[in-house]
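# Architecture at a glance
As a plain string of letters, each chain reads:
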Amino acid sequence: MVNITLPDGSIKSFENIPTGLDVAKSLSESLAGNCVALELDSKIVDLNTPITQDSRIRLITTKDDEALKILRHSAAHVMAEAILHLYKDAKLTIGPVVEDGFYYDIDMPPISEDDFPQIEAEIKKIIQAKTPFERRIVSKAEAMEFYRNEPYKLELISELEDGTISLYQQGDFTDLCRGPHLPHTGFIKAVKLMKVSGAYWRADQTKAQLQRIYGTAFFNKKELKQYLHFLEEAKKRNHRKIGTELDLFSFHDEAPGMPFFHAKGINIWNALIDYWRVEHRAAGYVETKTPIMLNRSLWERSGHWENYRENMYTSVIDETEYAIKPMNCPGGMLLYDIKPHSYKDLPIRAAEIGLVHRHELSGVLSGLFRVRAFHQDDAHIFMTPEQIEDEILGVLQLVDRVYSTFGLGFHLELSTRPEKSIGTTKQWEMATDGLKSALNKYGQDYRINEGDGAFYGPKIDIHIKDALGRTWQCGTVQLDMALPERFNLTYVGKDNEKHRPIMIHRVVYGSIERFLGILIEHFAGKFPLWLAPIQTAILPINDDLLPYANDVKMKLENLSIRAEVDHRTESLNKKIRDAQINKIPLILTIGAKEKESETLSVRTLDGKVKFGLAYEEFLNRVLTHIRERKLEPLEF
RNA sequence: GCCGGCGUAGCUCAGCUGGUAGAGCAGCUGAUUCGUAAUCAGCAGGUCAGCGGUUCAAUUCCGCUCGCCGGCUCCA
């Protein structure tokens, strides 16, 4: 007799030892058809696992979050089987589930996406056969024998403990795997191979180059379709594409990875910086600026010469070695040290929009997201130990204000002491506790990444979530216990003794270039009025009205409203179309009526038109909307 | 840096198995002077990323270099 407790607390009894599937069937046949796995005493296992003693279980159906991972893991096995059918000499390595699907790293000759249809056809055959996944536990010796011709599997097995090794078989294919898996391959209703790339065995460049084949899978075709649609949408919003279309920035072979901003791009840039200054002034920051090139001795002192050298651009001037700064902090240390400080000076919040250069590997460059030259909206806060909590809290609140202005949600992650680190246990405790208590006071949930901190101190990373639900790490608050030490920074305390200040580095936008790229994708190029590169398009109905249109433009520009006259000899319809395509939030058409009555006709991006608007009203509303940095479109 | 893919006019893209390039949009010129998402006609625009090789002949085949894209790795 086995008693099974279900999540709702009800208990079901079975005469013989049941499997998860038996339990499901006893509840309802249709439920059984949708079950993929079983949570048995808080461990997820195969649905056909025998339940040998009284237990608490939860049936996992295709609707549960865990199910998708199981599905994709099984799909990885199916793909591997299909590939082995087609490429006899392929050697399998590992095939995990990733965020949007799965991949399998396989040692085989390079293939391209052109080979996908063939593999997908083979996958389809396997799925249609509805082959069951069967688990079997083997001894280490048996596993070694089974995989005697599979070097990668052997290496994996050698690292496993005897007694914990399981194999999963579907049809003629067997893979070393912890599981769990679907009951049978037929659950995979939609699978698609996405891309292929190279990857090294164990991510080690000295080891074999493998083919990493990415795929994704869903329980139904509709979800796959939705996912593909999401990818399409993301592609449409690609900031590189929109950046070219809207004439915001460009890249040139003469400076790979270093963006050139066009006039319209700089309009957005300046709006971002203006806003940043407003918020930082209000939060008690001062703004500073340090040089771009500093000599070697400084970088030796900061530790960058030793630890960061390969990413730094260097040059010899007057027989002295210089480096272009990859970070602003060492310069910031010098600024702190220009004079002795009292505890009464602290906290000092010194911000700097610093242009840094990092020689990133050529293969990682990617639009504005990953560049070699970028601006950090950096700040160094120097404080006493007692001030840690308040200062961190202050940064979090500032971050909150700034991100909400863009309609960006965010979540927080705390990274603690890594294995390789400097400082004493006591220092780390104090620092980490300071961050934790600030986080608790702030009140939003946060994740902890144990051991993920910098070697010089713990940190809080802020991950924003854009309109498509994608997350990006932008802001970060890092406590630094190394630099104040290396630069021997001090302040004089109440006790008239010298003390070491606590220092944090923090950024809100992170990289302004990258943040701008994220905003372009977040808004799909349709910026809120205050950010729009051109805020108003002025379209004269005919050429005779061009001088008047220019007068209107001057009037707006004098009030710092960014305006552009479409002076082309084109039809009004054409000008309107182009203004709409360029996502200009306010489109003013200028005809004889407007000129005579001194009114405006405003078309907004939703296609609505308001005629005969008084200048006063238009200007008041526009200026207010801009000043308040409203997110929603202005309507008339 | 490594693996794979790619590089044709300002942009988007044609150009079959080698016979020295074409379209749409944008630009310019002319006509049209227009009331809310593309007026018409014409013109101009390319050392086919660069260098080298094979060939009677290379945008096309091969090699190298540079750059871009997707990954690996790294990171803001």
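Residues numbered from 1 in each chain as written. Chains lettered and ligands numbered in written order. Predicted model: local features only at pLDDT ≥ 70, side-chain atom pairs only at ≥ 80, totals over all residues. Heavy atoms only, no water.

### Observations concerning the sheet that holds strand β10 (residues 165–170)
Pairing is antiparallel in the open sheet, where three strands are placed in the order β9-β10-β11. The outermost strands of the open sheet, each flanked by one partner alone, are β9 (134–138) and β11 (173–176). Ignoring strand direction, the axes of neighbouring strands in this sheet form an average angle of 30 degrees. In terms of strand pairing, β10 meets β11 through four bridges, oriented antiparallel. The partner of tyrosine 168 across the bridge, within β11, is aspartate 175. Strands in contact with helix α3 (residues 65–86) are β10 and β11; relative to β11, the strand with the most contacts, it is inclined by about 125 degrees. (Pairing = 2+ DSSP bridges. Helix = DSSP H or I, 4+ residues; strand = E, 2+ residues; numbered from the N terminus. Axes fitted to C-alpha atoms, helices over the stretch in contact; angles between N-to-C directions. Contact = heavy atoms within 4.5 Å.)

### A short note on the domain arrangement of chain A
The domain boundaries assigned to chain A delineate domain 1 (2–61), domain 2 (66–223), domain 3 (249–291 + 325–523) and domain 4 (536–627). A straight line from the C-alpha centre of domain 3 to that of domain 4 covers 41 Å. (Domains from an automatic or database assignment.)

### Topic: the side chain of threonine 384
With respect to the helices and strands, threonine 384 occurs in the loop between β21 (373–383) and α13 (388–405). Excluding anything up to four places from it in sequence, threonine 384 contacts Leu346, Tyr491 and Ile502.

### A short note on the pairing of strand β20 (residues 348–357)
Along β20, eight of the 10 residues are buried, which leaves the element largely enclosed by surrounding structure. Bridging between β20 and β21 involves 10 bridges; their strand directions are antiparallel. Across the sheet, the residue bridging to arginine 349 is isoleucine 381, located in β21. (Buried < 20%, exposed > 50% of the residue type's maximum accessible area, 1.4 Å probe, protein only.)

### Quick word on the environment of lysine 130
Counting through the fold element by element, lysine 130 comes out in the loop between α4 (116–128) and β9. Taking the C-alpha atoms as reference points, lysine 130 and glutamate 306, separated by 176 residues in sequence, lie 58 Å from one another. With sequence-adjacent residues up to four places away left out, lysine 130 is seen in contact with His184, Thr185 and Gly186.

### Brief notes about unusual backbone geometry
A cis geometry characterises the amide bond from leucine 346 onward to proline 347, with omega recorded as 0 degrees. For proline 347, the position within the fold is in the loop between α12 (329–336) and β20. Its identity as a non-glycine residue notwithstanding, alanine 524 has a phi of 55 degrees, on the positive side. Mapped onto the elements, alanine 524 comes out in the loop between α16 (512–523) and β29 (536–540). Positive phi outside glycine occurs at lysine 583, with the angle close to 60 degrees. Relative to the helices and strands, lysine 583 resides in the loop between α18 (572–581) and β31 (586–590). Given a relative accessible area of 22%, lysine 583 falls into the partly exposed group.

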